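The primary structure of each chain is shown beneath.
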2 protein chains.
Amino acid sequence: MKLDARQIETRTQELYEKLRAAGLKVTLQRLAVYRVLLQSHGHLTAEQVHQAVARDNPALSLSTVYNVLETLVKIGAIGEITTDGGTKLFDRTPGDHHHFIDTETGEVIDLDDSAGVKLDLNALARRGFAVEGAKLTVYGRRKK
Amino acid sequence: MKLDARQIETRTQELYEKLRAAGLKVTLQRLAVYRVLLQSHGHLTAEQVHQAVARDNPALSLSTVYNVLETLVKIGAIGEITTDGGTKLFDRTPGDHHHFIDTETGEVIDLDDSAGVKLDLNALARRGFAVEGAKLTVYGRRKK
DNA sequence: GTCTAATTAGGAATAATTCTTGATTGACTA
DNA sequence: TAGTCAATCAAGAATTATTCCTAATTAGAC
């Protein structure tokens, strides 16, 4: 699901705020990388980000992409997930949320509240586990 | 949680059967790698398996460890999980089950049925997702 | 015991990510 | 509107984990 122009505008404003709040500079490279993620379907590898960025900014190096992505994750502007194969994907949407991975296409789909997944971890607390977060990945096929 | 001698014996018998069923040879290397996992706390990297195996079998190479681990995963004798950092861990216990990762120690703990985690994915089916499997990883701290 | 395909050892090759260093730049100040 | 400087970036070397390659070895059938 792609974001529309309005959402991209809003999210870009948020990036400005998050960078300032963290005392970091607003650079062309950070904007470019962030916008590529916003304009994508949501989940890209560092390499894919680099290729997409390179269309408009051929000089932007891969190591800078890694750098910027790490920074953006750190300030909570984007998220990061690791798939079973070990591939790291950068996620337009920050914060805890669940994912569905299509086993045929490899496509990653965000499962937000409307997906209706019910997860109850209360029993863990009673067994001595202090829960801080949880990540759920569901595998299967999406019917069109 | 470590397995006792009886459980290790039973699981070793199972390995023989699974290898035969798959038409594969029972080799000293496969037994050694498998036993290291059985005797561990349950989740090891390939490197850790290699080091543990090397105590008794210094000649057993790292590439063989990778080879054997892949084979054991393929025949369903052991499992494989990928942590958030991207580290691959080999899991004494095969098949779908959930995990708890202690954010302080990094320790991985299996959450079996007795942990009481409730997960309901039925709503996904109604939304066009044909679920084949699901992996849940819970983060937090375990109180002693 | 012999035979043969499967398996292994050892090291080279690969892929993804991180590190290093000198050059460049954004943002503050005057 | 330019000067200053710490932050940031580009480029490529280094590292890490894993896979691949090939010749030598071995399990299991006969």
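So, here is what we can say about the structure in this document. (Residues numbered from 1 in each chain as written. Chains lettered and ligands numbered in written order. Predicted model: local features only at pLDDT ≥ 70, side-chain atom pairs only at ≥ 80, totals over all residues.)

## Quick word on the protein's contact with DNA strand D
Not every one of the 21 residues close to DNA strand D is listed here, only the nearest: Gln29, Ser63 and Thr64 of chain A together with Ser63 and Lys88 of chain B. Secondary-structure elements contributing two or more residues to the surface near DNA strand D are α2 (28-39) and α4 (62-74) of chain A together with α4 (62-74) of chain B. With 4 residues, the single largest contributor to the surface near DNA strand D is α4 of chain A. Grouping the amino acids of the surface near DNA strand D by side-chain chemistry returns 8 nonpolar, 9 polar and 4 charged. (Near = placed C-beta within 6 Å. Helix = DSSP H or I, 4+ residues; strand = E, 2+ residues; numbered from the N terminus. Nonpolar A, V, L, I, M, F, W, Y, C, P; charged D, E, K, R; others polar.)

## A short note on the interface of chain B and chain A
Counting residues at the interface gives 32 residues for chain B and 32 residues for chain A. Only β6 (118-120), α5 (122-126) and β7 (129-142) of chain B provide two or more residues apiece to the side of chain B that touches chain A. As paired strands, strand β6 (residues 118-120) of chain A and β6 of chain B are joined by 3 bridges and run antiparallel to one another. Bridge pairing in β6 of chain B places Lys118 of chain A opposite Asp120 of chain B. (Contact = placed C-beta atoms within 7 Å. Pairing = 2+ DSSP bridges.)

## Notes on the packing of helix α1 (residues 5-21) of chain B against helix α2 (residues 28-39) of chain B
Residue and element names in this part refer to chain B. Across the interface, α1 lies against α2 with an axial gap of 11 Å and an inter-helix angle of 145°. Considering only the axes of α1 and α2, their crossing is right-handed. Here Ile8, Arg11, Thr12, Leu15 and Leu19 of α1 come into contact with α2, specifically with Arg30, Tyr34, Arg35, Leu38 and Gln39. (Axes fitted to C-alpha atoms, helices over the stretch in contact; angles between N-to-C directions. Left-handed = near helix turned anticlockwise from the far one by under 90°.)

## Topic: the protein's contact with DNA strand C
The environment of DNA strand C is formed by 21 residues, the closest being Lys88 of chain A together with Thr27, Gln29, Ser63 and Thr64 of chain B. Listed by contribution, the elements that provide at least two residues to the surface near DNA strand C are α4 of chain A together with α2 and α4 of chain B. With 4 residues, the top contributor of residues to the surface near DNA strand C is α4 of chain B. Broken down by class, the residue content of the surface near DNA strand C amounts to 8 nonpolar, 9 polar and 4 charged.

Such coordinate-based values are descriptive only and should not be taken to indicate function.
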